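Summary of the model geometry
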Amino acid sequence: MSKPEESKPKSSSQGGLMMWHGMTISGLLKLLSRGPNLHWSHLFRFLTLFPIVIYNSIMRGVESIFYGSRIKNTELVKPPIFILGHWRSGTTLIHNLMTSDPQFTCPTLYQTLFPHHFLLTETVAKKLTSALVPKTRPMDNMAVSWDVPQEDELALCVLCQISPYLNLAFPQKLDLFREHLDIEALPTDEQKRWKDALLYLLRKITVRNPKQVILKSPSHTYRVKTMLKLFPDAKFVYIYRNPFDVIKSACHLRKKMIDNNTMGKSIYPDIQNDVLINYKTAITQYEADKQLIPEGNLHEIKYEELEVNPLEEMEKLYASLQLENIQDMRSAVEPQVEKLKNYKKNKFEPDPCWEKEVYQRCQEIYDLYSYPPPQIVLDDQTEKSPAEVPQK
């Protein structure tokens, strides 16, 4: 299979939807008490919050009446499978492929944006509001609908506001992103709120579709230790990619997420440096914690190999994790191969100086994952090497 085509960096809107539209009245008041960025240019976004959070609060109460005891008493079918990897490493691709296998389930866009009441409202609301959902994501050309697999991190942010995505309302507060990555470092009461929110979400997903759940959130790459405490028998899939490709794409992602979710002016303070720091932290944390994962419960995959041979790499993954029904997986993935081949990835303008800096600051990661130095570094090494003296 050939590599997908590339196109200019995607830049579009996610419509009128913001992640804050999923909150209840108490959640919104808590968010506003923190003093998020506000600006008159996003007055419409801000005003639309109030009727929707009132609706969310009412529907949450009604859902609790009909589903409350069922949610509380629901047990997971099996421990979850976690897909790990820094943002823009290919986590969405592997998530989409795995969840196309009918033996699994996962949170969808509707369920993660409206986690308070999706059991009650999903069937009708999706039909009535499908026109509000853009056809593709704002940062790339991945298709979007209410039913696409989505990060559980979105739901966790809406449910308990203990999430790096809270930073999107306060883009100037870079430490707000970092402090919610490591759950083990949080105060005990916040740890409990976060864990309760995750278990609540998993139970609701299981009520909706009683199958093994696959969760994909890049933020969980920092949380292997926490996930193992909650689910000692969980399985993990880790995907990695060329460091510079990840970082330049993650910078683009951060900007688009701020643009589409801020209620103030879009500001991008020191994004390149912040993304690079968070990337190095993710890799360091994962490499240290993966030793805790029981043998046979972790599979690592290289993005560049997955995009060229998706079916072959999926077969390796299933064999490694001893997942059942491999023929069902083949039947689900094979029809997608041609479409994946024609997918247009973002193409960024060359930036040799930034690429060189990324390599210098992340050389150990290039070496760890066997990626060659960028061309500018090789050219510099050639220029610095002593010229050969011709033999007389």
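Okay, so let's go over this structure. On a predicted model such as this, the values are computed, not experimentally measured, just so you know.

Phi is positive for Gln161, which is not a glycine, with a value near 55°. Gln161 sits in the buried class, given a relative accessible area of 3%. Notably, Asn325 is not glycine yet its phi reads approximately 60°, a positive angle. Residue class for Asn325 comes out partly exposed when judged on its relative accessible area of 40%.

Across all of its chains, the model carries 20 salt bridges by this definition. Here Glu151 and Lys216 are joined by a salt bridge, their closest N and O atoms 3.6 Å apart. Of the two residues, Glu151 is situated in the loop between α5 (118-129) and α6 (152-160) and Lys216 in strand β4 (residues 212-216); the sequence distance between them amounts to 65 residues. Taking relative accessible area as the criterion, Lys216 reaches 4% and is therefore assigned buried.

Quick look at the side chain of Thr206 now. Tracing the sequence through the fold places Thr206 in helix α8 (residues 188-208). Thr206 has contacts with Thr74, Glu75, Leu76, Val77 and Val213, leaving out every residue within four places of it along the chain.

A few words on a nonpolar patch on the surface. Together, Ile25, Leu29, Ile54 and Ile58 give the surface a local cluster of nonpolar side chains, amounting to about 360 Å² of exposed area. Contributions of two or more residues to the nonpolar patch are made by α1 (25-33) and α2 (43-73). With respect to the secondary-structure elements, Leu29 resides in helix α1. When its relative accessible area of 55% is taken as the criterion, Leu29 is described as exposed.

Conventions we followed
- Residues numbered from 1 in each chain as written.
- Predicted model: local features only at pLDDT ≥ 70, side-chain atom pairs only at ≥ 80, totals over all residues.
- Heavy atoms only, no water.
- Buried < 20%, exposed > 50% of the residue type's maximum accessible area, 1.4 Å probe, protein only.
- Salt bridge = Lys/Arg side-chain N within 4 Å of Asp/Glu carboxyl O.
- Helix = DSSP H or I, 4+ residues; strand = E, 2+ residues; numbered from the N terminus.
- Contact = heavy atoms within 4.5 Å.
- Patch = residues over 30% accessible without salt bridge, like charges linked within 9 Å, V, L, I, M, F, W, Y side chains within 5 Å.
- Areas by Shrake-Rupley, 256 points an atom, 1.4 Å probe, with all protein chains shown as cover.

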